[in-house]
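Tertiary structure, described
One letter stands for each residue in the lines below.
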Amino acid sequence: MQRRPIVVQKFGGTSVATVDRMKKVAEIVADEKQAGNDVVVVVSAMSGETNRLIQLAEAAAEEPNPREMDCLLATGEQVSVALLAMILNERDIPARSVLGFQMGMKTDAAFTKARIVEIDRERFTRAFDEGQVLVAAGFQGIAPDGDVTTLGRGGSDTTAVAIAAGLDADFCDIYTDVDGVYTADPNLCSDARMLERISYEEMLELASAGAKVLQIRSVEMAMKYEVPVRVRSTFTRGPGTLVTKEDPSMEGIVVAGVSCDRSEARIALRQVPDVPGIAAKVFTPLSKANIVVDMIIQNTSQDGSTDLTFTVPRADLKQALKIVEGSMRAIGAVAVEPDAAIAKVSIVGVGMRSHAGVATTMFKALADEGINIKMISTSEIKISAVIEEKYAELAVRALHRAFKLGVAPAPAAKKTAPRARKRA
Ligand code: ASP
Ligand code: MG
């Protein structure tokens, strides 16, 4: 039997911020159903709600118990699924809210950052057979022993992608308050352009470089299961940006986007003895404390010692410093210098693999603005520079201009042409 197309639609906090906005969401759901698709809707908590709950927890305890934290945080989504299901019913659309445990959203037991293990496909297909729209609570799951878990901030994106992957959905539409993925933050660059398509890898690098459209984990999962994800606006309902598999035409575009991350801080360890085992001694206690280290730079040594510089989330700086100061004595380093006022600007594009001179263009653009680079790191498709935070916006604009991102690339030539032509 031929099945109907399946579309998973996810609506973020701003899309369900009020009951009126939820009515607008119901319209979009109705249209999708009307078009003959089987629909699963995933919603976030009403905007600001998760933050409000976190504040309550912080007022209740200095270090809230993670299990109770998740029990608390999951209530945000419970409110929005119930309200949206009511609104859909009011429009004569058969719909039912489902919480994590009701949809069999099994996770591990890592409270506040749980990982999805599997979904119960059958529960969804049964609802399709009954003509029901399931309105699924994002961000929450159920641990092996039945406890409520949550998936980390922004986790509803991952809920949606996991359901889409499990159901082999035709599309996973992430509805949000922006039109799609842009070449840079349109609030910083007036000529930033919305991208029609972007590869999973580029999206992943952009997300880890500070672009906040999608939770990183959701992109990882979309890439793994090749889920076609569309980032679209609830308010303008345009076509949005398709996040998809890389294809040869993408290689012609050297840089897809510029992003900026101000959520990190830098720690420099001065005059670290250059002997085996030092890096392990510095980073092991940090990872044990669950502090994610991003960039790491070690200089060549002079007179038997070297500098070790790295970045950590700014929110973890205090804790990281305490840990590093402890290791400093143990390893015989001379000083620890923290710097919270940094920004990481990054350029991302799969075309970098096949084009030379990209880094030079980036460094020159920053130099022309008199911006000093404090750290550099690269991956195959990304170059990041750490600079003083006060220059962040200037840097993003300079890079956007240097790579001519405000100008739409010429439409891709015939299938066979682009590679040959670009190399010439
Ligand atoms: N409500 C959760 C948060 O604010 C999950 C989400 O919105 O994706 O992080
Ligand atoms: Mg979000």
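Let me begin by describing the structure that accompanies this report. Model, not experiment: these values are computed from the prediction. (Residues numbered from 1 in each chain as written. Chains lettered and ligands numbered in written order. Predicted model: local features only at pLDDT ≥ 70, side-chain atom pairs only at ≥ 80, totals over all residues. Heavy atoms only, no water.)

A few words on the sheet that holds strand β20 (residues 382-388). The strand order across the open sheet formed by four strands is β13-β18-β20-β19, and the pairing between neighbours is antiparallel. One side of each edge strand has no neighbouring strand; the edge strands of this open sheet are β13 (257-261) and β19 (375-379). Averaged over neighbouring strand pairs, the angle between their axes works out to 20° when direction is ignored. Alignment of strand β18 (residues 342-348) against β20, held across seven bridges, turns out to be antiparallel. Following the sheet pairing, Ala 343 is matched in β20 by Ile 387. (Pairing = 2+ DSSP bridges. Helix = DSSP H or I, 4+ residues; strand = E, 2+ residues; numbered from the N terminus. Axes fitted to C-alpha atoms, helices over the stretch in contact; angles between N-to-C directions.)

With that settled, consider the sheet that holds strand β9 (residues 171-176). In spatial order, the strands read β3-β6-β2-β1-β9-β11-β12-β10; together these eight strands make up an open sheet with mixed pairing. Two strands close off the open sheet at either side, each with one partner strand: β3 (95-98) and β10 (197-199). Strand-to-strand twist of the sheet, defined as the mean angle between neighbouring strand axes without regard to direction, takes the value 20°. Bridge analysis of strand β1 (residues 6-11) against β9 gives five bridges, and the strand direction is parallel. The residue of β9 that forms the bridge with Lys 10 is Ile 174. Of the strands in this sheet, β1, β2 (38-43), β6 (133-137) and β9 are in contact with helix α1 (residues 19-34), which crosses β1 at around 175°. (Contact = heavy atoms within 4.5 Å.)

Summed over the entire model, instances satisfying the criterion amount to 31 salt bridges. For Asp 120, the salt bridge identified is with Arg 123, shortest N-O distance 2.9 Å. On the accessibility criterion, Arg 123 (32% relative accessible area) is partly exposed. In this structure, the salt-bridge partner of Glu 369 is Arg 401, at a minimum N-O distance of 3.7 Å. Separated by 32 residues along the polypeptide, Glu 369 in the loop between α10 (358-368) and β19 and Arg 401 in helix α11 (residues 392-402) bring together distant segments of the chain. Taking the relative accessible area as the measure of exposure, Arg 401 reaches 56% and is therefore exposed. Among the ionic contacts, a cluster of salt bridges with common partners joins Glu 201, Glu 246, Arg 353 and Glu 380. (Salt bridge = Lys/Arg side-chain N within 4 Å of Asp/Glu carboxyl O. Buried < 20%, exposed > 50% of the residue type's maximum accessible area, 1.4 Å probe, protein only.)

For helix α3 (residues 66-90), built from 25 residues, the straight-helix expectation of 36 Å at 1.5 Å per residue is met to within 8% by its first-to-last C-alpha distance of 37 Å. Where α3 begins, the capping side chain belongs to Asn 65, and its oxygen is found 2.8 Å from the backbone nitrogen of Arg 67. Positive backbone phi, at 65°, marks Asp 92, one or two positions downstream of α3. (Expected span 1.5 Å × (residues − 1). Polar contact = N/O pair within 3.5 Å; in protein donor to acceptor, adjacent residues only side chain to side chain.)

Glancing now at the site of ligand 1. Around ligand 1, the neighbouring residues are Ser 44, Ala 45, Thr 50, Glu 77, Phe 139, Arg 153, Gly 154, Gly 155 and Ser 156. Between ligand 1 and Glu 77, the relevant distance is 2.7 Å, taken from a nitrogen atom to a side-chain nitrogen or oxygen of the residue. At 2.7 Å, a side-chain N or O of Arg 153 approaches an oxygen atom of ligand 1. Calculation on ligand 1 without its partners gives an accessible area of 260 Å², and the protein chains cover 88% of this total. Residues that form the shell around ligand 1 fall into these classes: two nonpolar, five polar and two charged. (Near = heavy atom within 4 Å. Areas by Shrake-Rupley, 256 points an atom, 1.4 Å probe, with all protein chains shown as cover. Nonpolar A, V, L, I, M, F, W, Y, C, P; charged D, E, K, R; others polar.)

It is worth spelling out the nonpolar core at this point. Ranked by size, the top nonpolar core spans 41 residues in total, and within it Val 8, Phe 124, Ile 163, Cys 172, Leu 214, Val 229 and Val 243 carry the most contacts. Looking at which element gives the most residues to this core, the answer is helix α5 (residues 156-167), with six residues. Sequence-distant contacts of Val 8, that is, excluding residues within four places in its chain, are made with Val 40, Val 42, Ala 160, Ile 163, Ala 164, Ala 169, Phe 171, Cys 172 and Asp 173. Of all hydrophobic cores here, the second largest spans 25 residues; its members include Ala 184, Leu 188, Ala 392 and Leu 399. (Core = buried A, V, L, I, M, F, W, Y, C linked by side-chain atoms within 4.5 Å.)

Our next topic: unusual backbone geometry. Look at Phe 139: it is not a glycine, yet its phi comes out positive at around 75°. Considering the arrangement of structural elements, one finds Phe 139 in the loop between β6 and β7 (140-142). With a relative accessible area of 4%, Phe 139 lands in the buried category. Its identity as a non-glycine residue notwithstanding, Asn 290 has a phi of 65°, on the positive side. If you trace the backbone, Asn 290 turns up in the loop between α8 (278-288) and β15 (296-298).

Coordinates in, geometry out; function isn't part of it.
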